[in-house]
Amino acid sequence: VQLQACGGGSVQAGGSLRLSCSASGRTFSNYAVAWFRQAPGKEREFVSGFSRNFGSTHYADSVKGRFTVSRNSAKTMVYLQLNSLEPEDTAVYYCAAAATAILSTIRTPTAYKNWGQGTQVTVSS
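Residue numbers run consecutively from 1 along every chain, following the written order of its sequence. Selection of residues for local features in this predicted model requires a pLDDT of at least 70, selection of side-chain atom pairs for listing and counting requires 80 or more, and totals for whole chains, interfaces and linings are taken over all residues. Side-chain numbers come from the whole structure's heavy atoms, not from hydrogens or water.

Undergrad: Got a sec to walk through the state of the cysteines? Specific residues and values, please.
TA: In what follows, a disulfide is any cysteine sulfur pair within 2.5 Å. For the coordinates displayed, the defined rule picks out one disulfide. Two residues share a disulfide in this structure: C21 and C95, whose sulfurs sit 2.2 Å from each other. On the sign convention where negative is left-handed, the bridge of C21 and C95, at about 70 degrees about the S-S bond, is right-handed. Of this pair, C21 sits in strand β3 (residues 17-23) while C95 sits in strand β9 (residues 91-98), placing them 74 residues apart in sequence. As far as the burial class goes, C21 and C95 line up, both buried. Sulfur of C6: no disulfide; nearest cysteine sulfur belongs to C21 and is 8.7 Å away. Accessible area is worked out with a 1.4 Å probe on protein chains only. A residue is then buried under 20% of its type maximum, exposed over 50%, and partly exposed in between. Owing to a relative accessible area of 42%, C6 belongs among the partly exposed residues under this scheme. Put simply, DSSP marks the helices as runs of H or I at least four residues long and the strands as runs of E at least two long, and each gets a number from the N terminus on.

Take a look at the structure:
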């Protein structure tokens, strides 16, 4: 499945952004879908996501209470609402999907075969 992420931008600390991820021509049914981010010089890290078939939602501790993952009713879009942004949230954000990821691996980048192109989020202090 081809993924496309958009919605990034530059905001001041405390601001908000909404990222969107679409699966071109398909739905996210039967996939685990997640958001990762990668800051310069750092490894790609899990941010938030759904287990397969949107069974459960998961968040990194660093974003709990500030970020919210959601989907549309048609299961063709997954969103990440970023609130109370901090300079440490600056990174390229990627959406990813996996048809076979099991619950114990959904935070692991290597569990995902399908990746979007990334969208830059820059938070200034």
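Once the structure has been displayed, the description carries forward.
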